[in-house]
Structure formats: structure tokens, C-alpha cells
Amino acid sequence: LSQCSLREEEFYQDPAMHTMPFDLGYGPQEFRAYKQPDVSTFYRERPGDRRAKTPAFNGFAFKIVNMSPNRVKYFWDPGHGPGSPMSSIGPWDSAGTASFPTHKFYLTPFDDETKIIARFVCTPPQAVYYYDPITVEGDEEATQANLDALSQHDFDRYQAHSDSREFNKQYYEFTGREYLSTFPRNTAIHKIWPADYFGQEHWVTSEEVHFVDLPEESELKLPSTVGRDRRLKDGERFLEKYRSPEPYMNMTMKVLSWSTTAGDNREEARHDIRETRTSLNTWVYREKDLIIDAIYRRAADLLRIDEALLRPRSAGEVPEMKNTRGLAEALQLVHYEVGQEYTAHHDFGYAPFDRKDQPARFATLLLYLNEGMVGGETQFPRWANAETRAGLDVEPKIGKAVLFYSQLPDGNMDDLSQHAARPVKIGEKWLMNLWVWDPEYQ
Ligand SMILES: O=C(O)CCC(=O)C(=O)O
Ligand SMILES: [Fe+2]
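What you are looking at is a predicted structure, and each value in this text was computed from that prediction instead of being measured.

Time to look at the overall build of the protein. When helices and strands are counted, the protein shows 5 helices and 23 strands. Here the protein, with 442 residues, has 31% of them falling under the buried criterion. Look at the contacts in the protein between residues 6 or more apart in sequence, and 71% of them connect residues 24 or more apart.

Here is the structure:
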């Protein structure tokens, strides 16, 4: 039951969307592509009045597409000693990481780590790298033999990747960015708030309870049913009187485990030599109590998403959605001590090839739970601006939230959503991540 400053139809009039003609060999087609506006427009000035600064941070998304019917392993090659295992990549699947120019990677068959079958060097602006053992450059006969050896099913998948690769080329020429999704991918089913210029304001009102104090345990009981019946009646909004963000911290501090960036393996996390993430985290479920439930409801209003989409639904509750699974992850509560950080990364990942809808994280809502530490800023090192090469630093404040999207309005993943948690220098930092997926939570 929220209100906001824009009418629904205004969401669709994004001045950064342009018609891109393309041709994959099946005749001319059109795509609505996101093209980053001239930086001057972010200052509400005429295009060309200002020049964008090149960020000092030179990190880049790095994605490997496995254009083969075999599972492979991919390694980061530090240049000395053995490679550092990243992950395995299934047939026709993709994997990726946040990387830097000159960083090297190699692939091996899944069952023989000693046999290197491909090498890649991260060379921005290239972001997508294709492992294609089928096409043999300059040898049509060998290529044909490889194609003939594929089953019809695999041949179709190879063709789909080849088309996506060609689309990516034309998308890059048009937008100056690589297409990090696999073409075609639908645009997000949710609103993306416009961010057309610095200082642009949107407002949203919410009737959901804003807990600012810790209520009695008995008052926090969740309705026991799921689905429509679970909606709070107006008379049940009595919990308004409470103030303070502490409750959701205290309830969960006891169960912190090592943060991992891949899987939930504690040992693996300890030995993660990349040391990208050194904080501790745990998960807080919406069903825990009414405070957490209210956070989801307020987040839903902010995102202009039906709160029902952020929880399991009874069949047919939201008829447009086939799947009854919630689109949001549990809240991820994160704690950083002095020296702990999360180096620059993306929140999105790469969906398995067989998921035609390519589910991925769509929006991140960062909820700061404390303040006053030294360091610990959330940094967006690649923000577009005309003033500084330094990143955009967001300082944690109690009650403050940061919303950013991992996807562009055209269905591509947004490489510039890359962000970092700067090391805490004095004190500690508490925050929660609320991740919403599109079009489904995988
Ligand atoms: O701690 C922060 O400021 C950001 C955390 C983050 O990016 C993450 O957990 O994915
Ligand atoms: Fe993140």
C-alpha cells in the first residue's frame, strides 16, 4: 500500500533506452538497448559540456562461456606456482568473477587439472571470453567434423551461444559495453527507479510499520498462515510505537559463520587465498518475526514490488507468477571487525544455460545497522562522474539504506554496479543485505 512520486507509465520512459538494429544472420531485428548517457546530463547540462573521468579503479567483470558439451574447471593463474581453483563450469554454462587487466585464467577438463585446454587474459573492455573448441579457425573441415559430432541438442546450444556471441559484438558496438547476459534475456519484471541526474529525488510512502524500538516478544508473533491471509490488517499496525534498530542485530549475533563468496563451506572460506571477503555473516529469515517481516514489506514498497513476491505464496495468489517461491533471499547480516573488508565485486552471477529466463540478482538493498566507525564505507569505484577518479564512498549511518541495481533496464547485467566494502579501520560495522532476484530466485 505504498505511494510514490512517479506514475507507473513514467517508469517506462527511460531516456537512456535506444533502438538498436542488429542482424544475427536471420535478417534485420531491433533491440531496445541501454546506452549510458553523456556524463553532462548527470549534472543537468548539455551533452558535451563535461567530460567523464576515468576511474582510478580498473577492475572489470570477467565472464567465461563454456561453448562445449564437457564440464571444465577454471583457474586463476597468479603467474607463479599452481593456479588457484575458481569453479567448475558445466556444459554450455558460464562462470565469472571481478577481475583486473592482465589477470590470467586457464581451463582444464573437469577430471584432469594438469591438462590446460585454454588460456585467457583479462583485457578490458572485453568482459566475455568464449571457450570454443568446436570452431577451428581457418579449417572448415575440422569445424564441420566437430559440429557433426554434436548431438542435435548440443548443436542447438552451440548455435545459441554463437548467436549470443554475435549479438554481444553488435551490442558492444552500439553501447560501448559487453552483453553479460546470454542473448536473448528478458528485461526485469520490476521497476527500476530512474537515476537521471545527481540529486534527483524520488519519494515513497509506506504504511508498513517502522520498528524503532524492541517490542515484547508476544507482540512479535507472526500470523501462522502463508499467502493472502498473512497480510496484516490495518488494526494490527499497533507496533508503531517502538524505536531502535538494535533488535535485529542482537537476535542473530550468536550464530555468525564465516562469510563465503561461493557456497557455504567454512573450511573453503578460511582457505580462500583470494581473501576477497573477510567479514562474518549469517542469514535472517523473513519468517523470524514481525520486525523482519516489516523490513521486507517496507523494502517491497521502496522497490515498488508487491510484498507477496518477496515470500512464498499460495498457488494462484499472484496469478502472473507461475512460481510461488519468494524473489528475495533471507536478509544477510554482515559484521566487519577492524581490518575486515569485501573487495570490489558484483552481486549478480551467471545463470545456467538451461534456465532460459536467466535468473539473477536484480536489486541490492543495503541496510546499515550502525555508524561512527572509521572506514567501512560502501564504495562504488566505477561511478560515472566528471569530477574525480576516486570511487563514490557511502558512509554507513543507522537507518540509512542504499539501493542499487545489478541489472540494466535492457536485461543486461550492469558491470558498473561493482562495489566494495572498504576495510574498517576503527570500530566495527554491521549491515544487512537484502537481495531481490529477477525474474525468479534460483
Ligand atoms: O558492506 C558493504 O558495505 C557492502 C556489502 C556487500 O557488497 C555484499 O555483502 O555483497
Ligand atoms: Fe555486494
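Before going further, it helps to examine the site of ligand 1. By nearness alone, every residue bordering ligand 1 is listed as Val334, Tyr342, Asp347, Leu366, Thr378, His419, Ala421, Leu431 and Asn433. Those elements that provide at least two residues to the shell around ligand 1 are strand E21 (419–421) and strand E23 (429–438). Looking at side-chain class alone, the shell around ligand 1 contains 5 nonpolar, 3 polar and 1 charged residues.

The next point concerns the nonpolar core. In a soluble, globular protein the nonpolar side chains are often hidden away together inside. Membership of the largest hydrophobic core comes to 69 residues, with the highest contact counts inside it found for Ala299, Leu310, Leu434 and Val436. Looking at this core element by element, the count peaks at 8 residues for helix H5 (residues 290–303). Among the domains, domain 1 (13–175) and domain 2 (204–438) are the pair contributing at least three residues each to this core. Every residue in contact with Leu310, bar those within four places of it in the chain, is listed here: Tyr296, Ala300, Ile305, Gly326, Leu327, Ala328 and Val436.

For an interface, size is often stated in terms of accessible area lost upon the parts coming together. Entries for the protein in the domain assignment read domain 1 (13–175) and domain 2 (204–438). Each side of the interface is counted separately: domain 1 has 32 residues, and domain 2 has 25 residues. Counting only elements with at least two residues in the side of domain 1 that touches domain 2, the list comes to strand E3 (28–34), strand E4 (60–66), strand E6 (84–89) and strand E7 (94–99). Here the side of domain 1 that touches domain 2 takes 4 residues from E7, the largest share from any one element. Across the side of domain 1 that touches domain 2, the residue classes tally to 16 nonpolar, 8 polar and 8 charged.

Further remarks concern the sheet that holds E4. Here we have 3 strands laid out as an open sheet, ordered E7-E4-E10, and mixed in their pairing. Of all strands in the sheet, those with a lone pairing partner are E7 and strand E10 (128–131), marking the two edges. Sheet twist, expressed as the average angle between the axes of neighbouring strands with direction ignored, equals 20°. Two elements, E4 and E10, share 4 bridges in a ladder whose sense is parallel. Its bridge partner being in E10, Lys63 is matched across the sheet by Val128.

Here the focus is the pairing of E23. In terms of burial, E23 is a largely internal element, 8 of the 10 residues being buried. Relative to E23, strand E14 (residues 331–336) is paired through 5 bridges, and the arrangement is antiparallel. Directly across from Gln332, in E23, lies its bridge partner Asn433. As paired strands, strand E16 (residues 360–368) and E23 are joined by 8 bridges and run antiparallel to one another. Note that in E23 the partner of Ala363 across the bridge is Val436.

Quick look at H5 now. With 14 residues, H5 extends 19 Å between its outermost C-alpha atoms, agreeing within 8% with the 20 Å of an ideal straight helix rising 1.5 Å per residue. Most of H5 is tucked away, with 12 of its 14 residues classed as buried. Of the positions making up H5, those classed as buried are Ile292, Asp293, Ala294, Ile295, Tyr296, Arg297, Arg298, Ala299, Ala300, Asp301, Leu302 and Leu303. Two residues or fewer past H5, Arg304 is found with a positive phi of approximately 60°.

It is worth spelling out the sheet that holds E6 at this point. Taking strand neighbours across the sheet as the criterion, the 4 strands line up as E6-E5-E8-E9 in an open arrangement whose pairing is antiparallel. On the outer flanks of this sheet lie E6 and strand E9 (118–121), each paired with one strand and no other. Here the strands of the sheet are splayed against their neighbours by 25° on average, with no regard to which way each runs. Across 5 bridges, strand E5 (residues 72–77) lies against E6 in antiparallel orientation. Looking at the pairing, Trp76 lines up with Ser84 of E6.

Scored by pLDDT, the protein comes out at a mean of 86, with 84% of its residues at no less than 70. Across residues 231–274 the pLDDT falls below 50, and counting only partners more than four positions away or on other chains, this stretch makes 60 contacts in the model. Interface predicted TM-score (ipTM) for the complex: 0.99; the corresponding pTM is 0.89.

What follows covers the environment of Tyr197. By the element assignment, Tyr197 lies in the loop between helix H2 (152–175) and strand E11 (204–205). Placed 170 residues apart in sequence, Tyr197 and Leu367 show a C-alpha to C-alpha distance of 23 Å. Tyr197 has contacts with Thr41, Phe42, Tyr43 and Arg44, leaving out every residue within four places of it along the chain.

Among the secondary structure elements, Asp163 is positioned in helix H2. Residue classification places Asp163 among the partly exposed positions, given that 16 C-beta atoms sit within 10 Å. For Asp163 and Tyr441, which are 278 residues apart along the polypeptide, the C-alpha to C-alpha distance reads 26 Å. With residues near it in sequence (within four places) discarded, Asp163 still touches Leu24 and Phe183.

Glancing now at the pairing of strand E2 (residues 17–23). The pairing of E2 with E3 spans 7 bridges and is antiparallel. Pairing of Pro21 across the sheet is with Glu30, part of E3.

As a further point, take unusual backbone geometry. Comment: phi is negative for the bulk of residues other than glycine, and the bulk of peptide bonds are trans. Going from Phe183 to Pro184, the amide bond is cis rather than trans, its omega being -5°. Mapped onto the fold, Pro184 is located in the loop between H2 and E11. Backbone torsion omega between Asp438 and Pro439 reads -10°, so that peptide bond is classified as cis. Mapping Pro439 onto the fold places it in the segment after E23. For Arg44, which is not a glycine, the phi torsion comes out positive at approximately 55°.

Parameters and conventions
- Residues numbered from 1 in each chain as written.
- Chains lettered and ligands numbered in written order.
- Predicted model: local features only at pLDDT ≥ 70, side-chain atom pairs only at ≥ 80, totals over all residues.
- Helix = DSSP H or I, 4+ residues; strand = E, 2+ residues; numbered from the N terminus.
- Buried ≥ 20, exposed ≤ 12 C-beta atoms within 10 Å, placed from the backbone.
- Contact = placed C-beta atoms within 7 Å.
- Near = placed C-beta within 6 Å.
- Nonpolar A, V, L, I, M, F, W, Y, C, P; charged D, E, K, R; others polar.
- Core = buried A, V, L, I, M, F, W, Y, C linked by C-beta atoms within 7 Å.
- Domains from an automatic or database assignment.
- Pairing = 2+ DSSP bridges.
- Axes fitted to C-alpha atoms, helices over the stretch in contact; angles between N-to-C directions.
- Expected span 1.5 Å × (residues − 1).
- pLDDT = per-residue confidence, 0-100.

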